[in-house]
Amino acid sequence: MKRQFLLLLLLCFAVAAPLATAQTAEDSPLSGEAAVAVSPAPGPVSNIQLKDTDNDHGHSVTLSWEISPDDGAGLNNVIGYEIHRALSPEGPFVKRAGVPAGSHSHVDVGSKEESSPDYMKDYIDYYYKIRTITADSAVNAESTVAGPIQSYGQWFNTGRVPVLIFVACFLALTLYFINRAKGGADLYVRPLAGIGAVDEAIGRATEMGKPILYVLGLGTAADIATIASYTILGRVAKKVAEYQTGLIVPCYDPIVMTVAQETVKASYADAGRPDSYKEDMVYFVTQSQFAYVAAVNGTMLRDLPATNIYMGKFYAESLILAETGALAGSIQIAGTDEIAQIPFFVVACDYTLIGEELYAASAYLGREPLLLGSLKAQDYAKAGVILIALVGFILLNFGVDGFKEFFFVSN
Amino acid sequence: MKRKIPVIITSLVGTVLILSVFFPPAERMGEDFSIFFDIIAVFAFFLGGGNLVRIHGNKIYKKARDWGFSAVTLAGFFLMLAAGLFKIANPGGIAADVTAQGSLFQMLYDWIFNPLGASMYALLAFYVASASYRAFRAKNKEATILLIAAFIILLGRTPLGVYATAWIPEQFSLMQIPNLAIWIMTAPNLAGQRAIMIGIALGVISMSLRLILGVERTYLGTDNE
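## A word on the overall build of chain A
For step 1, the next point in the chain: Tallying secondary structure elements over chain A gives 12 helices and 14 strands in all.
For step 2, the next point in the chain: Projected onto its principal axes, the C-alpha positions of chain A cover 115 × 70 × 50 Å.
For step 3, the next point in the chain: Taking contacts inside chain A between residues at least 6 apart in sequence as the whole, the part at least 24 apart equals 66%.
For step 4, the next point in the chain: Accessible area for chain A stands at about 19,700 Å²; split by element, carbon and sulfur atoms hold 61% of it.
For step 5, the next point in the chain: Side chains of chain A give 28 positive and 43 negative charges; the mean places of these two sets differ by 4 Å.

Shown next as structure tokens:
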């Protein structure tokens, strides 16, 4: 019995032992590594070129290199490159960035703040090396050390010369037409239907005894569209003060509200009716987009303004506002420089100022010669752009690329 | 003087910001001016909150028309403010993050503020439908062209558009509705958009120059210096 038991035990061991060995070989990473041959190291990158980054304020070096022969070819085991930097060729090297396989260049940008740990001082020597990495962290290849290189800032961004020329020409045109306007020249400016309708809309509100709702949009006080909107608000408020109509200006941004309050107050004073100005005409609502829409829609439906004017920066709320205004039966005039919102306003409003017309509106409303002069310059610049586009179109079709190259702007 | 100083500041800051585009050493000053704006913006939040309380407080005090809405506004404002400032029911106590899961602030945000905002946004779908109905009525030549273009684009973005014109041979593939929709979006539509963009860019430059040169002062309420 004992002998039989021992035989059975031996048999079990004989069967179980190979299985157990196989299990161990699969589970243990150590055994696995021992079983798999170490993959060969890829070739390192070569011909590393270093230069100070062009047209910047310093604190930056641009690297370029020829990729590893095993990047996309050969062993095809390269997954990326690590950029390492040191203050001496001996090191210590610090990893600065990682770039994917196939990359030929990298811009190493350091901080310009001395207090920052990433601060990159100008006018000192830096050395770089590039490590070619594979999926196996133990297998990589280091390039030779390249350098020294120094970073430094440039005084002028040569990549933006075409923009400077254009701005200079535009400035000269503006000054020329302003001077002409000062000299008493009669400058014709094309009529803007939307702006022409403002007076009519204010008159309608006066007749109906209902207020005018002026929405400055969701822009901040730093947005040009909002600044343009202030100028229109100033004109509208002055008319409103003259006609003694009500004005409601709900604001999305506290700074915009503060400026709008001053603008309306000054317009009332200009109209000779400072006593008619009320503090609650211009008020802050909220800085939440849809909560603001809910509040303004509520005002539209409760107060039923005769006219709604939307001027400034608008986003998804544009159609919700304009459709509610249309349902409330108000005359609506809108203007925005947000291209995606223009169609919504065109559909839902009676008059729409498209893009640049918003900026032209204040000059057009005021009819001041100085402002009209700048509008005239804008029209001439537009004609210039059309001409350049036509010439470019023709030359490109005849295979002349030089003209296009002249307008290339780099960062 | 009251109006000269803002004009001088505007001209100075505007000039520096323009120079910072072309002269890298001036970039730093441009960034500093932007930081000044952020600092002022922080103080403006107090102005906004103060204005909100004053306007709605007055309405409630005077029992003005619709003063009930003002009461709801102020109740919501103070409840959110208290929940955030005192971290009411915050699981981690006063030292933990105000947006920690389970805090009253986060619950108010997740279960009241967010659904209300989403509801307002959802209204957009209905407004798009009603606006489209009005816009796409073929009242004249232009509206008819708009209607046809919109119909092709809408159809081109649906499986029906693909199936309806799949039989058109490959050499006339532009006539397949999805391809036609892509062409409308990338050729006439994009050309129109670019024209508007160029106009806007010129308008921005012109407006900026007017502000920098001090020609445009209407935002200061200056008709009479």
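Moving on from the model shown.
## Quick notes on the interface of chain A and chain B
For step 1, the next point in the chain: Contacts between chain A and chain B engage 77 residues on the former and 61 residues on the latter.
For step 2, the next point in the chain: Summed over both sides, the interface of chain A with chain B buries roughly 5,800 Å², with 71% coming from carbon and sulfur.
For step 3, the next point in the chain: Run the count over chain A and chain B and you get 5 salt bridges.
For step 4, the next point in the chain: Note that aspartate 303 of chain A is salt-bridged to arginine 65 of chain B, the shortest N-O span being 2.4 Å.
For step 5, the next point in the chain: Between the two partners, chain A and chain B, sit 13 residue pairs in polar contact (both at pLDDT 80 or more).
For step 6, the next point in the chain: In terms of residue class, the side of chain A that touches chain B is made up of 44 nonpolar, 17 polar and 16 charged.

## Things to note about helix α5 (residues 141-156) of chain B
Because the α-helix completes a turn every 3.6 residues, residues three or four places apart line up on one side.
Residues and elements named next belong to chain B.
For step 1, the next point in the chain: Compared with the 22 Å implied by 1.5 Å per residue over 16 residues, the 23 Å span of α5 between its first and last C-alpha is a close match.
For step 2, the next point in the chain: On its buried side, α5 packs onto α6 (159-164) and α7 (177-186).
For step 3, the next point in the chain: Structurally, the start of α5 carries an N-cap: the backbone nitrogen of glutamate 142 is 3.4 Å from a side-chain oxygen of asparagine 140.

## Topic: the layout of surface pockets
For step 1, the next point in the chain: Taken as a whole, the second largest pocket encloses approximately 1,600 Å³ of empty space.
For step 2, the next point in the chain: Looking at the second largest pocket, it is lined by 42 residues, and the ones nearest its centre are Ala221, Ala222 and Ile227 of chain A together with Thr10 and Val13 of chain B.
For step 3, the next point in the chain: Where the lining of the second largest pocket is concerned, the elements lending two or more residues are α3 (161-182), α5 (224-243) and α6 (254-270) of chain A together with α1 (4-22), α2 (27-61) and α8 (188-212) of chain B.
For step 4, the next point in the chain: Here the lining of the second largest pocket takes 9 residues from α1 of chain B, the largest share from any one element.
For step 5, the next point in the chain: Residues of the lining of the second largest pocket, tallied by class, amount to 32 nonpolar, 6 polar and 4 charged.
For step 6, the next point in the chain: In terms of domain composition, the lining of the second largest pocket takes at least three residues from each of domain 2 (158-184 + 371-406) and domain 3 (193-367) of chain A.

## Regarding the sheet that holds strand β14 (residues 351-354) of chain A
All names here are of chain A.
For step 1, the next point in the chain: Spatial strand order, β11-β10-β9-β12-β13-β14: 6 strands in an open sheet with parallel pairing. Strands at the two margins of the open sheet, each flanked by one partner only, are β11 (282-284) and β14. Ignoring strand direction, the axes of neighbouring strands in this sheet form an average angle of 15°.
For step 2, the next point in the chain: With 2 bridges connecting them, strand β9 (residues 212-217) and strand β10 (residues 247-251) associate as parallel partners.

## Things to note about the pairing of β10 of chain A
Residue and element names in this part refer to chain A.
For step 1, the next point in the chain: For β10, the buried fraction is high: 5 of the 5 residues fall into the buried class.
For step 2, the next point in the chain: Of the two faces of β10, the one holding Leu247, Val249 and Cys251 and the one holding Ile248 and Pro250 are both buried throughout.
For step 3, the next point in the chain: Relative to β11, β10 runs parallel, the two being bridged by 3 bridges. Of the residues in β11, the one forming a bridge with proline 250 is tyrosine 283.
For step 4, the next point in the chain: Handedness of the β-α-β unit built from β10, α6 and β11 comes out right-handed.

## Remarks on the sheet that holds strand β5 (residues 105-109) of chain A
Residues and elements named next belong to chain A.
For step 1, the next point in the chain: The 3 strands are arranged β1-β2-β5 in an open sheet whose pairing can be described as antiparallel. Looking at which strands have only one partner, the edges of the open sheet turn out to be β1 (46-52) and β5. Across this sheet, the average inter-strand angle for adjacent strands is 20°, counted without regard to direction.
For step 2, the next point in the chain: Sheet topology note: the strand β2 (residues 60-66)/β5 ladder contains 5 bridges and is antiparallel. Paired with leucine 63 across the bridge in β5 is histidine 106.

## Comments concerning the packing of aromatic side chains
Residue and element names in this part refer to chain A.
For step 1, the next point in the chain: As enumerated under the stated definition, the model contains 17 aromatic pairs over all chains in all.
For step 2, the next point in the chain: Their ring planes at 75° and their centres at 5.1 Å tell us that tyrosine 176 and phenylalanine 177 sit as a pair that is edge-to-face.
For step 3, the next point in the chain: Relative accessible area serves as the criterion here: at 3%, phenylalanine 177 is assigned to the buried category.
For step 4, the next point in the chain: For the ring pair tyrosine 252 and tyrosine 292, a centre distance of 5.7 Å and an interplane angle of 80° mean the geometry is edge-to-face. Taken together, the residues tyrosine 252 in the loop between β10 and α6 and tyrosine 292 in helix α7 (residues 289-303) connect sequence positions 40 residues apart. The pair tyrosine 252 / tyrosine 292 is uniform in exposure class, with both members buried.
For step 5, the next point in the chain: The positively charged end of lysine 129 is found above the aromatic ring belonging to phenylalanine 93, 4.5 Å away from the centroid.

## So, the side chain of lysine 376 of chain A
Residue and element names in this part refer to chain A.
For step 1, the next point in the chain: Along the chain, lysine 376 falls in helix α11 (residues 369-397).
For step 2, the next point in the chain: In this structure lysine 376 is buried but unpaired, with aspartate 379 as the nearest side chain of opposite charge at 4.9 Å.
For step 3, the next point in the chain: With sequence-adjacent residues up to four places away left out, lysine 376 is seen in contact with Phe177, Leu187 and Tyr188.

## Focus on unusual backbone geometry
Residue and element names in this part refer to chain A.
For step 1, the next point in the chain: In this model, asparagine 47 sits at a positive phi of 50°, which is unusual for a non-glycine residue.
For step 2, the next point in the chain: With respect to the helices and strands, asparagine 47 occurs in strand β1.
For step 3, the next point in the chain: With phi around 60°, glutamine 244 is a residue other than glycine that occupies positive phi space.
For step 4, the next point in the chain: Relative to the assigned elements, glutamine 244 resides in the loop between α5 and β10.
For step 5, the next point in the chain: On the basis of relative accessibility, which here comes to 44%, the residue glutamine 244 falls in the partly exposed class.

## Looking at the domain arrangement of chain A
For step 1, the next point in the chain: Taken domain by domain, chain A comprises domain 1 (46-149), domain 2 (158-184 + 371-406) and domain 3 (193-367).
For step 2, the next point in the chain: Placing the centre of domain 1 of chain A and that of domain 3 of chain A at their C-alpha centroids yields a distance of 54 Å.

## Observations concerning the packing of α2 of chain B against helix α3 (residues 67-85) of chain B
All names here are of chain B.
For step 1, the next point in the chain: One way to put it is that α2 packs onto α3 with a least axis distance of 8 Å and a crossing angle of 140°. In this structure, α2 meets α3 at a crossing whose hand is left-handed. Every residue of α3 that contacts α2 at Gly49, Leu52, Val53, His56, Gly57, Lys59 and Ile60 is listed here: Trp67, Ser70, Ala71, Thr73, Leu74, Phe77 and Phe78.
For step 2, the next point in the chain: Of the residues that constitute the contact of α2 with α3, the class distribution is 8 nonpolar, 5 polar and 1 charged.

Criteria and thresholds
Residues numbered from 1 in each chain as written. Chains lettered and ligands numbered in written order. Predicted model: local features only at pLDDT ≥ 70, side-chain atom pairs only at ≥ 80, totals over all residues. Heavy atoms only, no water. Helix = DSSP H or I, 4+ residues; strand = E, 2+ residues; numbered from the N terminus. Contact = heavy atoms within 4.5 Å. Areas by Shrake-Rupley, 256 points an atom, 1.4 Å probe, with all protein chains shown as cover. Lys, Arg positive; Asp, Glu negative; His and termini not counted. Charge placed at Lys NZ, Arg CZ, Asp CG, Glu CD. Buried area = accessible area lost by both parts, 1.4 Å probe. Salt bridge = Lys/Arg side-chain N within 4 Å of Asp/Glu carboxyl O. Polar contact = N/O pair within 3.5 Å; in protein donor to acceptor, adjacent residues only side chain to side chain. Nonpolar A, V, L, I, M, F, W, Y, C, P; charged D, E, K, R; others polar. Expected span 1.5 Å × (residues − 1). 1 Å grid on protein atoms, 1.4 Å probe; cavity = no way out; pocket = protein on both sides within 12 Å on 5 of 7 lines; lining within 4 Å. Points joined across faces, edges and corners; volume = space filled by probe spheres on them. Domains from an automatic or database assignment. Pairing = 2+ DSSP bridges. Axes fitted to C-alpha atoms, helices over the stretch in contact; angles between N-to-C directions. Buried < 20%, exposed > 50% of the residue type's maximum accessible area, 1.4 Å probe, protein only. Right-handed = clockwise from strand over helix to strand, strands pointing away. Phe/Tyr/Trp six-rings, centres within 6.5 Å; stacked < 30°, edge-to-face > 60°. Lys NZ or Arg CZ within 6 Å of the ring centre and 35° of its normal. Left-handed = near helix turned anticlockwise from the far one by under 90°.

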